[in-house]
Amino acid sequence: MLVTGKQILDHAHENNYAVGAFNVNNMEQVQAIIQAAEETQSPVIMQASQGALKYAGVEYISAMVKTAAENSSVPVALHLDHGTDFKQIVKCIRNGFTSVMIDASKMPLEGNIDTTKKIVEIAHAAGVSVEAEIGKIGGTEDDITVDERDATFTDPEEAVKLVNETGLDSLAIAVGTAHGVYKGEPKLDFDRIVTIKEKLNIPLVLHGSSGVPEESIKKAVERGINKINIDTDIRMAFNEAIRDFVKNDPDAYDPRKIVGPARDAMKEVIKEKMTMFGSAGKA
Ligand code: G3H
Ligand code: 13P
Ligand code: ZN
Ligand code: NA
């Protein structure tokens, strides 16, 4: 069943668990995610990045996720990941997205507030939920020192201002995670999550969560993270399964035979995450 991001995340916030937000680019990923959600009885968020919309087209992404949602009893939200463009956000809303992210985190606070406020106004008028971001999450390829890293973390007082002045529904915070594959082990600022949660008392979002050890994920959820973004770990499972298959059967040419096992491999990874995040059994 298709629901808003807010419906899913408010329940997670009130009941102290987190929901996986998995990036989708193709049919096999959508199917892997919905099967995992059904098998674990988990609410789930499927999200498309601007790159995914460029690759597959907003109509295809929306039709695939809506088909999955409408044929399932678990709550499913369709979310735009890292939206930066007003027109594209409107296009997603028109295509039935139930949640959008406005990522104006590169702007100074005032610009972030103004941009987020504008999106909240149009999205809420259409019954669509809004995630915003404050602080700089960054990529694992960014070579920065520890001091520089800390300086990019979310400032709790700025977060309060952003929330109060915009009316956003959930907030992505920078607490030590990064997009992509980690070079070493990520060190999360758990105390910062506690402080931000106490001040805001709203659903919080963790980006760059692939590669974060189970223990750290669980600690982050206990301290108030309610949405956990996963892309890279699904990409890796897909990639590994395809490579394995082709290595063992170099003459294979039927796409279903090659990609089918990758769909199963992605499903297994997603099921593990759902259990780890505490969303299993919450549908
Ligand atoms: O946060 C970024 C997501 O992993 C999406 O990546 O822009 O390559 O689709 P992408
Ligand atoms: P990972 O690729 O590190 O899982 O990050 C995903 C993400 O944050 C999408 O917004
Ligand atoms: Zn992200
Ligand atoms: Na990551």
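About the thresholds
Residues numbered from 1 in each chain as written. Chains lettered and ligands numbered in written order. Predicted model: local features only at pLDDT ≥ 70, side-chain atom pairs only at ≥ 80, totals over all residues. Helix = DSSP H or I, 4+ residues; strand = E, 2+ residues; numbered from the N terminus. Rg over C-alpha atoms; globule rule 2.2 N^0.38 Å. Buried ≥ 20, exposed ≤ 12 C-beta atoms within 10 Å, placed from the backbone. Contact = placed C-beta atoms within 7 Å. Pairing = 2+ DSSP bridges. Axes fitted to C-alpha atoms, helices over the stretch in contact; angles between N-to-C directions. UniProt positions renumbered as here; feature names shortened; annotations may be inferred. Expected span 1.5 Å × (residues − 1). Arc of directions from axis to C-beta. Near = placed C-beta within 6 Å. Nonpolar A, V, L, I, M, F, W, Y, C, P; charged D, E, K, R; others polar. Right-handed = clockwise from strand over helix to strand, strands pointing away.

What follows deals with the overall build of the protein. Within the protein, the secondary structure is distributed over twelve helices and eight strands. In terms of overall dimensions, the protein is globule-like: its C-alpha atoms have a radius of gyration of 18 Å, near the 19 Å expected for 283 residues. Oriented by its inertia axes, the alpha-carbon framework of the protein measures out at about 60 × 40 × 35 Å. Across the 283 residues of the protein, 48% fall into the buried class.

So, about the environment of Ile 33. Structurally, Ile 33 is set in helix α2 (residues 27–40). When the 29 C-beta atoms within 10 Å are taken as the criterion, Ile 33 is described as buried. Between the alpha carbons of Ile 33 and Met 46 there is a distance of 7.8 Å; along the sequence they are 13 residues apart. Apart from residues no more than four positions distant in its own chain, Ile 33 is found in contact with Phe 22, Val 24, Val 44, Met 46 and Ile 270.

Attention now goes to the sheet that holds strand β5 (residues 129–134). Spatially, β1-β2-β3-β4-β5-β6-β7-β8 is the arrangement adopted by the eight strands of the closed barrel, whose pairing is parallel. Across the sheet, the mean angle from the axis of one strand to that of its neighbour is 25°, orientation sign disregarded. Two strands pair when backbone bridges link them, and strand β1 (residues 19–23) and strand β8 (residues 225–230) are joined in this way by four bridges, in the parallel orientation. Residue Ala 21 lies in a different strand from β8, and its bridge partner there is Asn 229. Each of β6 (170–173), β7 (204–206) and β8 is contacted by helix α9 (residues 190–200), which is oriented at about 150° to β7, the strand it contacts most. Where helix α12 (residues 255–277) meets the sheet, its contacts fall on β1 and β8, and the angle it forms with β1 comes to roughly 150°.

Moving on: the UniProt feature "binding site: Zn(2+) 2" (unreviewed entry) in the protein. With numbering matched to this structure, UniProt assigns "binding site: Zn(2+) 2" (unreviewed entry) to Asp 103 and Glu 133. Maximum C-alpha separation among the annotated residues is 5.6 Å over a sequence range of 31 residues, consistent with a single clustered spot. Looking at where Asp 103 falls in the secondary structure, it is placed in the loop between β4 (99–102) and α6 (109–125). If near-sequence neighbours (up to four positions away) are discounted, Asp 103 is found in contact with His 82, Gly 83, Thr 84 and Glu 133. As for its position among the elements, Glu 133 is in strand β5. When near neighbours in sequence (up to four residues on either side) are disregarded, Glu 133 contacts Asp 103, Ser 105 and Ala 172.

When the terminal C-alpha atoms of helix α4 (residues 58–70) are compared, their 18 Å separation across 13 residues agrees well with the 18 Å that a helix rising 1.5 Å per residue should span. Every buried residue of α4 is listed here: Ile 61, Ser 62, Met 64, Val 65, Ala 68 and Ala 69. Looking down the long axis of α4, one finds its buried residues gathered within 165° of arc, a one-sided arrangement. Among the exposed residues of α4, those pointing more than 90 degrees away from its buried face are Glu 59 and Glu 70. Those residues of α4 that are buried are in contact with α2, β2 (44–49), α3 (50–56) and β3 (76–83).

Turning our eyes to something else, we now look at the site of ligand 2. In the vicinity of ligand 2 lie 13 residues, with His 207, Ser 210, Asn 229, Asp 231 and Thr 232 positioned nearest. Only β3 and β8 provide two or more residues apiece to the shell around ligand 2. Here the residues of the shell around ligand 2 are counted per class, giving one nonpolar, ten polar and two charged.

This brings us to the pairing of β1. Burial analysis of β1 places five of its five residues in the buried class, the great majority of the element. Burial of β1 is two-sided: the residues Val 19, Ala 21 and Asn 23 facing one way and the residues Gly 20 and Phe 22 facing the other way are all buried. Across three bridges, β1 lies against β2 in parallel orientation. Within β2, the residue paired with Asn 23 across the bridge is Gln 47. Once you follow β1 into α2 and on to β2, the crossover reads as right-handed.

As annotated by UniProt and renumbered to match this structure, "binding site: dihydroxyacetone phosphate" (unreviewed entry) occupies Gly 180, Gly 208, Ser 209, Ser 210, Asn 229, Ile 230, Asp 231 and Thr 232. The annotated residues occupy 53 residues of the chain but converge on a single region, no pair of C-alpha atoms lying more than 11.2 Å apart. With respect to the helices, strands and loops of the structure, Gly 208 is situated in the loop between β7 and α10 (214–222). Setting aside anything within four residues of it in sequence, one finds Gly 208 in contact with Ile 137, Thr 177, Ala 178 and His 179. Relative to the elements of secondary structure, Asp 231 occurs in the loop between β8 and α11 (232–248). The class of Asp 231 is buried, set by 23 C-beta atoms lying within 10 Å. In this view, Asp 231 contacts Asn 23 and Ser 210; residues no more than four positions away in its chain are not counted.

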